[in-house]
Amino acid sequence: MGEIRTFARTALAWPGQFLFPPVCAGCRRRVSQPGALCGQCWPQIRLLERPWCPVMGTPFAHDMGEGFLSAEAIADPPPFERARAAVAYSGVARQMVRGLKYQDRTDLAPWMARWMLRAGAELVAEAEVIVPVPLHWRRFFRRQFNQSAELGRALAHLTGLPFAPEAVRRIKLTRQQVGLERAQREENVRAAFRVPAEAEITIAGRRVLLVDDVYTTGATVRAVTKALKRGGAGAVEVLTFARVLPGDLRQGETGRGDFRADESATI
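Conventions adopted
- Residues numbered from 1 in each chain as written.
- Predicted model: local features only at pLDDT ≥ 70, side-chain atom pairs only at ≥ 80, totals over all residues.
- Heavy atoms only, no water.
- Salt bridge = Lys/Arg side-chain N within 4 Å of Asp/Glu carboxyl O.
- Helix = DSSP H or I, 4+ residues; strand = E, 2+ residues; numbered from the N terminus.
- Buried < 20%, exposed > 50% of the residue type's maximum accessible area, 1.4 Å probe, protein only.
- Axes fitted to C-alpha atoms, helices over the stretch in contact; angles between N-to-C directions.
- Parallel < 35°, antiparallel > 145°, perpendicular 65-115°, else oblique.
- Left-handed = near helix turned anticlockwise from the far one by under 90°.
- Contact = heavy atoms within 4.5 Å.
- Nonpolar A, V, L, I, M, F, W, Y, C, P; charged D, E, K, R; others polar.

Student: Help me understand the pattern of salt bridges in this model?
Tutor: Two side chains bearing opposite charge may form a pair once their charged atoms approach each other closely. Tallied over the entire structure, the rule returns 15 salt bridges. The residue arginine 82 makes a salt bridge to glutamate 237 at a minimum N-O spacing of 2.4 Å. Residue arginine 82 is located in the loop between α2 (71–75) and β1 (83–88), and its partner glutamate 237 is located in strand β6 (residues 235–243); the two are separated by 155 residues in the primary sequence. Residue glutamate 237 is classed as buried on the basis of its relative accessible area of 1%. When salt bridges with common partners are traced through the structure, they connect Arg50, Arg82, Arg84, Glu122, Glu126, Arg207 and Glu237 into a single cluster.

Student: Explain the packing of helix α3 (residues 91–102) against helix α4 (residues 109–119) here, please?
Tutor: Helix-helix packing is described using two parameters, namely the angle between the two axes and the distance between the axes. For the pair α3 and α4, interaxial distance at closest approach is 11 Å and the crossing angle is 135 degrees. Classified by the angle their axes make, α3 and α4 are oblique. Relative to α4, α3 is oriented so that their crossing is left-handed. Residues Met96, Val97 and Leu100 of α3 form the contact with α4, whose own contacting residues are Ala109, Met112 and Trp115. In terms of residue class, the contact of α3 with α4 is built from 6 nonpolar, no polar and no charged.

Right under this line is the structure:
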């Protein structure tokens, strides 16, 4: 009976695979299954691995010993408990983020979420609810979807955790963060987020897993974390698909080339 069901599923899937063959998530070459990377793109992905800062999740070149913190975590302790990211934001990973955010490649979200789950397994194990970084309603109206919510929804499906996309709102129409210095980014998103009264019960006393596509300077997730805590969250941890590493940030890895020319100046 099981063999018959497997044959039936394969037969039903065949027309779709013929009409819409799976393509590489990076370069769109033909691949064997959806979400896979081709042999040329896979070596360009840098998975973030231990040893890393136990707070910020930034990788160390060498094992510094248990509990050793990065300079960033010591000099500027974040309001969230821990942050983790699946990959470094460069090359093919950047193309995947752009595909999801600007080319309506929402089909990438489940595969990106699997990588995030691998990197953030310890965070997921303790999380009680998943909350995505919200878009302002004007941006959402224009784009028709929130890339962070797509990732959060996929993670909720994989983990069985509750998904609360309305737990926090972006109430301030802010400038794009791209091109801004760290202090400017922080000022840009100051008081930009709020937990609505009706959503407080969703996060009250709970450990929130905050999901976003890219961690750059952390200004946005810090601002959302503060809003969640004001709204009653017990603790907040951050999980993103990609992370701009400190050296890349200094070298201008987040320049305007990462954004579409027709994107407006507000988010």
